[in-house]
Amino acid sequence: MRLPDVFTSQPFAISIEIFPPKTPAGDDALRRHMRTLAEHKPAFMSCTYGAGGSTRDRTLSWCREIQEDFDRPAVAHFTCVGSTREELNHWLDEAQAAGIRNIMALRGDSPEGQENFEAVAGGLSYANELVELIRQHTGNFGIGVAGYPEKHNEAESLEVDLQNLKRKVDAGADAVFTQLFFDNTNFFTFRDSCEKLGISLPIVPGIMPITDFARIKRITAMCGTVFPEDLATKLEAVQDDKEAQFEIGVDYAIAQCNELRSNGVPGIHFYALNKSQACQKILSAL
Ligand SMILES: Cc1cc2nc3c(=O)[nH]c(=O)nc-3n(C[C@H](O)[C@H](O)[C@H](O)COP(=O)(O)OP(=O)(O)OC[C@H]3O[C@@H](n4cnc5c(N)ncnc54)[C@H](O)[C@@H]3O)c2cc1C
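Residues numbered from 1 in each chain as written. Predicted model: local features only at pLDDT ≥ 70, side-chain atom pairs only at ≥ 80, totals over all residues. Heavy atoms only, no water.

Draft legend 1. Representation of the site of the ligand in the model. With respect to spatial proximity, 24 residues lie near the ligand, and among them Tyr-49, Asp-109, Tyr-148, Asp-161 and Lys-168 are the closest. Ala-155 places a polar main-chain atom, nitrogen or oxygen, 3.4 Å from an oxygen atom of the ligand. Protein chains bury 87% of the 970 Å² of accessible surface belonging to the ligand in isolation. At the level of elements, strand 3 (74–79), helix 5 (127–136), helix 6 (158–170) and strand 6 (175–180) are the ones that each hand at least two residues to the shell around the ligand. (Near = heavy atom within 4 Å. Polar contact = N/O pair within 3.5 Å; in protein donor to acceptor, adjacent residues only side chain to side chain. Areas by Shrake-Rupley, 256 points an atom, 1.4 Å probe, with all protein chains shown as cover. Helix = DSSP H or I, 4+ residues; strand = E, 2+ residues; numbered from the N terminus.)

Draft legend 2. Fine view of unusual backbone geometry. Residue Lys-41 is not a glycine yet carries a positive backbone phi of 50°. Note that Lys-41 resides in the loop between helix 2 (24–38) and strand 2 (44–47). On the basis of relative accessible area, Lys-41 is assigned to the exposed category, the value being 56%. (Buried < 20%, exposed > 50% of the residue type's maximum accessible area, 1.4 Å probe, protein only.)

Draft legend 3. Inspection of the pattern of salt bridges at higher detail. This model, assessed by the stated rule, comprises seven salt bridges. Here Arg-31 makes a salt bridge to Glu-65, at a shortest N to O gap of 2.5 Å. Taken together, the residues Arg-31 in helix 2 and Glu-65 in helix 3 (residues 56–68) connect sequence positions 34 residues apart. Residue Arg-31 is classed as partly exposed on the basis of its relative accessible area, which comes to 24%. Glu-247 serves as the salt-bridge partner of Lys-281, at 3.8 Å between the closest nitrogen and oxygen. Here the residue Lys-281 occupies a position in helix 11 (residues 277–285), and Glu-247 occupies one in helix 10 (residues 242–262), the gap between them amounting to 34 residues. Looking at Lys-281, the relative accessible area reads 41%, which means it is partly exposed. Three or more residues joined by partner-sharing salt bridges are found here, namely Asp-28, Arg-31 and Glu-65. (Salt bridge = Lys/Arg side-chain N within 4 Å of Asp/Glu carboxyl O.)

Draft legend 4. Up close: the layout of surface pockets. Size it by volume and the second largest pocket reaches roughly 210 Å³. Looking at the second largest pocket, it is lined by 13 residues, and the ones nearest its centre are Thr-211, Ala-272, Lys-275, Gln-277 and Ala-278. Ranked by residue count, the leading element in the lining of the second largest pocket is helix 11, at three residues. (1 Å grid on protein atoms, 1.4 Å probe; cavity = no way out; pocket = protein on both sides within 12 Å on 5 of 7 lines; lining within 4 Å. Points joined across faces, edges and corners; volume = space filled by probe spheres on them.)

Draft legend 5. Focus on empty space enclosed by the protein. One pass over the full model with this rule turns up one cavity of 30 Å³ or more. Considered as a void within the structure, the largest cavity measures approximately 60 Å³ in volume. In this structure, the largest cavity is lined by Tyr-148, Pro-149, Glu-150, Lys-151, Gln-179, Leu-180, Phe-181, Cys-223, Gly-224 and Thr-225.

Draft legend 6. The sheet that holds strand 3, seen in detail. The strand order 1-2-3-4-5-6-7-8 describes a closed barrel built from eight strands, whose pairing is parallel. Strand-to-strand twist in this sheet, taken as the mean axis angle between neighbours without regard to direction, amounts to 25°. Bridge count for strand 5 (residues 142–147) against strand 6 is four bridges, and the pairing is parallel. Note on strand 6: the bridge partner recorded for Gly-147 is Thr-178. In this fold helix 3 packs onto strand 1 (13–18), strand 2 and strand 3, with an angle of close to 170° to the strand it touches most, strand 3. Against the sheet, helix 6 engages strand 5 and strand 6, with an angle of about 180° to strand 5. (Pairing = 2+ DSSP bridges. Axes fitted to C-alpha atoms, helices over the stretch in contact; angles between N-to-C directions. Contact = heavy atoms within 4.5 Å.)

What follows is the structure, encoded as structure tokens:
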């Protein structure tokens, strides 16, 4: 199923993002978690594309597995980092041959040691160019792009970032999936701003259930996501108790998802971090 059909065929589409593990033991563990998650029949599962294109083959093989072994549509993430147009087109040929119908089109982050993103000679600088390249390919892929309710960390302002999002939409994206956030107000403001700019695609909130406070602090520091003070206070009070952090994180995510759902979001994209326990509880509660 292509992304546009995902959002027209059902009123609320749950999706789950995984990443390729680094070890065979990690692969086995992920398969166990995916089996549990697949029982909830997510509309699709997506697999990330590692920094610097480090998982170009594994992203495709996990997407094939999602479709063939777990019977769910796959969305393959794909970035511009380190590849020429020719190499990007070659990967799209492989994705098409593997039966992948959907791509999450991203610029990717600068390689370590490079302060500002620099395209390789013959490569692409921004995700809107990648969307254009995918649209020119014969694969007829459904295309997702990233949106940032709290602004991308390199953008000089939210307004400029929104104009850049509009460029990706105008280039032919089918849906926007947001960066993780914890304050729904920021998402609703972002959605209103998109509407004012004439962006009428499904805008799907990205939710990362908190299961480990130390880890989530590292992640939010990297992507610049605001962490609500009352939530931080609650988690700090149980910083030596992983189980309590899990319970607080899951309860928070359930409340967040319920509020989003009652405010008409077309679905929720879960950053599952290759684990099923939190998502399973949240999906059962939803
Ligand atoms: C849902 C989701 C999935 C992700 N999956 C992955 C993944 O699998 N692998 C991975 O490596 N990373 C992934 N990322 C992270 C993403 O690669 C980074 O956030 C990256 O820094 C920006 O990617 P982008 O596609 O948003 O870039 P862009 O949309 O190109 O934006 C990057 C920056 O450039 C600015 N900009 C954009 N277009 C222009 C233009 N034409 N002129 C001037 N400025 C411009 C934007 O405002 C922004 O500040 C994901 C992020 C999200 C939200």
